[in-house]
Amino acid sequence: SARADDEDELEPVREAMLAVLGDEGARLSPSLKRRLKFMHDAHSLWYARGELVAVLSQIHGEALAVHRVQGLSPHFQGLIPKALIDASARGRRH
């Protein structure tokens, strides 16, 4: 079963998302950076990916932004239902 409340399990996800956001993304959206640092469950982090794509699209364009955010999916395995990860992979293919 997915345990989403364990900070030790969330930290690698959080760090990966902040790394993808990068310094430029953090300057564009300091509020997203702040929220990523303080979200306490995997589902909140998962659903923040949309905003992450939006910020990164301003920097890199949509295709690269989507690609980078999709690369985060493996970090969520075991933390959210597999069906969410699978649906995301199917729904975003170009």
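Each remark here, short or long, concerns the structure printed above.
Residues numbered from 1 in each chain as written. Predicted model: local features only at pLDDT ≥ 70, side-chain atom pairs only at ≥ 80, totals over all residues. Heavy atoms only, no water.

Section: the packing of helix α1 (residues 7–28) against helix α4 (residues 49–60)
Condition: Only the stretch in contact is used when fitting a helix axis, every axis being a line fitted to C-alpha atoms; angles between N-to-C directions are given from 0 to 180 degrees. Each helix corresponds to a stretch of at least 4 residues labelled H or I by DSSP, and each strand to a stretch of at least 2 residues labelled E; elements are numbered beginning at the N terminus. Orientation is classified from the angle alone, with under 35 degrees giving roughly parallel, over 145 giving roughly antiparallel, 65 to 115 giving roughly perpendicular, and any other angle giving oblique. Two helices crossing with the near one rotated counterclockwise from the far one by less than a right angle form a left-handed crossing, whereas a clockwise rotation gives a right-handed crossing. The contact criterion used is simple: two residues touch if any of their non-hydrogen atoms lie within 4.5 Å. Residues are grouped as follows: nonpolar covers Ala, Val, Leu, Ile, Met, Phe, Trp, Tyr, Cys and Pro; charged covers Asp, Glu, Lys and Arg; every other residue, Gly included, is treated as polar.
In contact at an axis separation of 10 Å, α1 and α4 are set at 55 degrees when each is read in the N-to-C sense. When the interaxial angle is binned, α1 and α4 end up oblique. The crossing of α1 and α4 is left-handed. Contacts between α1 and α4 involve Met-17, Val-20, Leu-21, Glu-24, Gly-25 and Leu-28 from the former and Arg-49, Leu-52, Val-55, Leu-56, Gln-58 and Ile-59 from the latter. Taken together, the residues of the contact of α1 with α4 sort by class into 8 nonpolar, 2 polar and 2 charged.

With respect to the side chain of Arg-14
Put simply, the rule is: A 3.5 Å cut-off defines polar contacts: any pair of N or O atoms within that distance qualifies, except that in protein one atom must be a possible hydrogen donor and the other a possible acceptor, and neighbouring residues in sequence count only when both atoms are side-chain atoms.
Following the sequence through the fold, Arg-14 ends up in helix α1. At 3.2 Å, the side chain of Arg-14 and the backbone oxygen of Lys-37 are in polar contact. Not counting chain neighbours up to four residues away, the residues in contact with Arg-14 comprise Glu-7, Leu-36, Lys-37, Phe-38 and Met-39.

In short, the description is geometric, and any link to function would need to be established separately.
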